[in-house]
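# Structural description and commentary
One-letter residues, chain by chain:
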Amino acid sequence: MSANNKIIVPLDGFRSSESGQVAVFLALLAIPVLVTVSVAVDSQRNSALEARLSSALDNAALASIANQTLTDQARAEAARTYFQENIGSQADKIDFQVMESTAERVTLEATADLKTSFMHLVGKETSRVKDSSSAEVTEGDVICMLALDPDGERSFEVTGGARLTSPNCSVQVNSSHQKAAIIDHGGEARSKDFCVTGGAQGKFEPFVNTECRSVEDPFIDIMPPTSGACMDSDIVNASLTSWQSEAGGVKLSPGTYCGGLVFFNKKVDFEPGTYIIQDGPLIFDNGSRITANDVTFVLQGDRARLIVNEGSRVSLRAPVKGKFANLAFFQDVTYKGSSEFYPYATYGDPKYFQFGYGYHEAARSGRELDGLLTESIISRGSSMSVTGVVYLPGQKIHFRGGSLLENQAPATSFIGYQISIGDGASVHVDVDHVSANINPIEPRSDESVRLVR
């Protein structure tokens, strides 16, 4: 081959060869880009589902535990329903589990396996999303009015222009009746909270919660005292009819007062201890001025009830220690009554009965017993300051009267079978254990709930 002969190679060949290398390079570069994009897309989908799961679980846990009328099984079913409603169309793709379902705590868990967008190209077919939520009942507000009646109508009522204010404590009504709690005929009620097992009608401030479970009687296990011999009526009445009883005042000692105890314009200081009022009323009337510190009054029998009338001023402080700690009044529901019938209270000023105030008769001012349910009545402009608990589980506690009735004590609780506030009565109840220097008053409401992780 001569030197002048040249070998000519087409440039197209080189160009084709170079194009193939670039294609391979681009293909290799596309793999990590695709993986990165796939991870980002799937991560975004997972985050969105996690947020929906978390919200749906939280809402279901809170809603199911807030309704304290449900059984454990019904609460679990309610939680599932709430979750499905919140999660929407994806509910059938999610494994939902109720891990715990009690009145105190609900724990829920949800798991979903999402098909990946592109990650299956590198062997990852699904991506798992899992979340859980727990809600529990917290220690609620102090209950300063508790109606224990389990199924009665108007177990709690504010009517006839009456007014209740309890800004720092709650009202609890255990009745399952559809008209368990009623505010009508010009009544007003403002409390920190209203919690009713059954139904309610009227204007409650704040709005009443009608999905509360019943609150157990906090003092049901306390054994009542053993009554002793009846106090000598001659000695007691000699003191109560003396000139000192209306002027400088007299003292009474703890013991069993058979047939009841009446004060008509008297000034009396009760010495510390337990006073058993048996088979008759405890009546403060006609401007009596009563002081009792570290005292518990125990009411025994159907005819034993409390009546506060006619501008009387009663200042009572319960013991802070012992079996009756915090209890200013205690009804002994185990006592069946004696065979003895007392036509009038055995101890007291005869003037009371001269004015026709026989408690066993249909006397004036509605003092007669309310059918089978005994009433304790606080009314007619009286001033009652009780530091402690008025515990009358078998009676109706009835506040009434056209004059102002204010409880001035810093920490008070009223527990009765029923509670009625009417006829223009004005009742203010407060709970401040520090100011009152007593142990925390029970019971507490349990409707407050919170999420826990």
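Residues numbered from 1 in each chain as written. Predicted model: local features only at pLDDT ≥ 70, side-chain atom pairs only at ≥ 80, totals over all residues. Heavy atoms only, no water.

### Some points on the overall build of the chain
Counting secondary structure elements, the chain contains 5 helices and 26 strands. The 453 residues of the chain split such that 48% are buried. Of the contacts made within the chain by residues no fewer than 6 positions apart, 60% connect residues no fewer than 24 positions apart. Summed over all atoms, the accessible surface of the chain reaches about 21300 Å², with 52% contributed by carbon and sulfur. (Helix = DSSP H or I, 4+ residues; strand = E, 2+ residues; numbered from the N terminus. Buried < 20%, exposed > 50% of the residue type's maximum accessible area, 1.4 Å probe, protein only. Contact = heavy atoms within 4.5 Å. Areas by Shrake-Rupley, 256 points an atom, 1.4 Å probe, with all protein chains shown as cover.)

### Here we look at the environment of Pro-410
Tracing the backbone shows Pro-410 in the loop between strand S23 (383-400) and strand S24 (412-422). Linking Pro-410 and Thr-387, residues 23 residues apart in sequence, is a C-alpha distance of 6.7 Å. Discounting chain neighbours no more than four positions away, the residues touching Pro-410 are Thr-387, Asp-430, Val-431, Asp-432, Ser-435 and Ala-436.

### Regarding the nonpolar core
Ranked by size, the top nonpolar core spans 77 residues in total, and within it Met-145, Leu-261, Phe-263, Phe-270, Phe-329, Phe-399 and Ile-421 carry the most contacts. Looking at which element gives the most residues to this core, the answer is S23, with 8 residues. Core analysis: the second largest hydrophobic core is formed by 20 residues, Leu-49, Ala-60, Ala-110 and Ala-135 among them. (Core = buried A, V, L, I, M, F, W, Y, C linked by side-chain atoms within 4.5 Å.)

### Brief notes about the state of the cysteines
Under the defined criterion, the tally for this structure stands at 3 disulfides. Between the sulfur atoms of Cys-144 and its disulfide partner Cys-169 the distance amounts to 2.1 Å. Of note, the bridge from Cys-144 to Cys-169 carries an S-S torsion of about 80 degrees and is right-handed in sense. Within this pair, whereas Cys-144 is found in strand S4 (residues 143-147), its partner Cys-169 is found in strand S6 (residues 163-173), the two being separated by 25 residues in sequence. On the accessibility criterion, Cys-169 (0% relative accessible area) is buried. (Disulfide = S-S within 2.5 Å.)

### Regarding the confidence of the model for the chain
Of all residues in the chain, 79% have pLDDT values of 70 or greater, and the mean over the chain is 82. Note on residues 358-371: pLDDT is under 50 here. Beyond four places in sequence and across chains, it has 40 contacts. (pLDDT = per-residue confidence, 0-100.)

### Thoughts on the pattern of salt bridges
On inspection of all chains with the given rule, the structure shows 13 salt bridges. Note that Glu-136 is salt-bridged to Arg-105, the shortest N-O span being 3.0 Å. Of this pair, Glu-136 sits in strand S3 (residues 126-137) while Arg-105 sits in strand S2 (residues 105-115); the two residues are 31 residues apart in sequence, bridging distant segments of the chain. Take Arg-105: its relative accessible area is 26%, and that puts it in the partly exposed class. One connected set of salt bridges, linked through shared partners, spans Glu-188, Arg-190, Lys-203 and Glu-205. (Salt bridge = Lys/Arg side-chain N within 4 Å of Asp/Glu carboxyl O.)

### Notes on the environment of Val-158
If you trace the backbone, Val-158 turns up in strand S5 (residues 156-158). On the basis of relative accessible area, Val-158 is assigned to the buried category, the value being 0%. Counting along the chain gives 28 residues from Val-158 to Gly-186, while the straight-line C-alpha distance between them is 8.5 Å. Among residues more than four places away in sequence, those in contact with Val-158 are Arg-163, Ile-182, Ile-183, Asp-184, Gly-187, Glu-188, Ala-189 and Ile-421.

### Description of helix H3 (residues 233-240)
One full turn of an α-helix is made of 3.6 residues, so residues set three or four places apart face in the same direction. Within the span of H3, buried status applies to Val-236, Asn-237 and Leu-240. Buried residues in H3, looked at end-on, bunch into an arc of 95 degrees, giving them a common side. Of the residues in H3, the exposed ones pointing more than 90 degrees away from the buried face are Asp-234 and Ile-235. In this structure, the buried side of H3 is in contact with strand S11 (250-252), strand S12 (255-258), strand S13 (261-264) and strand S14 (267-270). Near the N-terminus of H3, the side chain that reaches the backbone nitrogen of Asp-234, with its oxygen 2.9 Å away, is that of Asp-232. (Arc of directions from axis to C-beta. Polar contact = N/O pair within 3.5 Å; in protein donor to acceptor, adjacent residues only side chain to side chain.)

### Observations concerning the pairing of strand S21 (residues 327-332)
With 6 of 6 residues buried, S21 lies mostly within the body of the structure. As defined by bridge partners, strand S18 (residues 295-300) adjoins S21 across 4 bridges and the pair is classed as parallel. For Gln-300, the partnering residue across the bridge sits in S21 and is Asp-332. Relative to S23, S21 is paired through 3 bridges, and the arrangement is parallel. Looking at the pairing, Phe-329 lines up with Val-390 of S23. (Pairing = 2+ DSSP bridges.)

### With respect to the environment of Lys-115
For Lys-115, the position within the fold is in strand S2. Its relative accessible area of 68% is what places Lys-115 among the exposed residues. Here the alpha-carbon distance between Lys-115 and Ser-127, two residues 12 residues apart in the chain, equals 6.4 Å. Residues in contact with Lys-115, not counting those within four places in the same chain, are Arg-45, Glu-125 and Thr-126.

### Brief notes about the packing of aromatic side chains
One pass over the structure, following the stated rule, counts 14 aromatic pairs. With centroids separated by 5.7 Å and ring planes inclined at 80 degrees, the aromatic side chains of Phe-263 and Phe-270 adopt a geometry described as edge-to-face. The exposure classification of Phe-263 matches that of Phe-270, with both residues buried. Taken together through their ring pairs, the aromatic side chains of Tyr-257, Phe-263, Phe-270, Tyr-275, Phe-284, Phe-297, Phe-329 and Tyr-347 make up a single cluster. (Phe/Tyr/Trp six-rings, centres within 6.5 Å; stacked < 30°, edge-to-face > 60°.)

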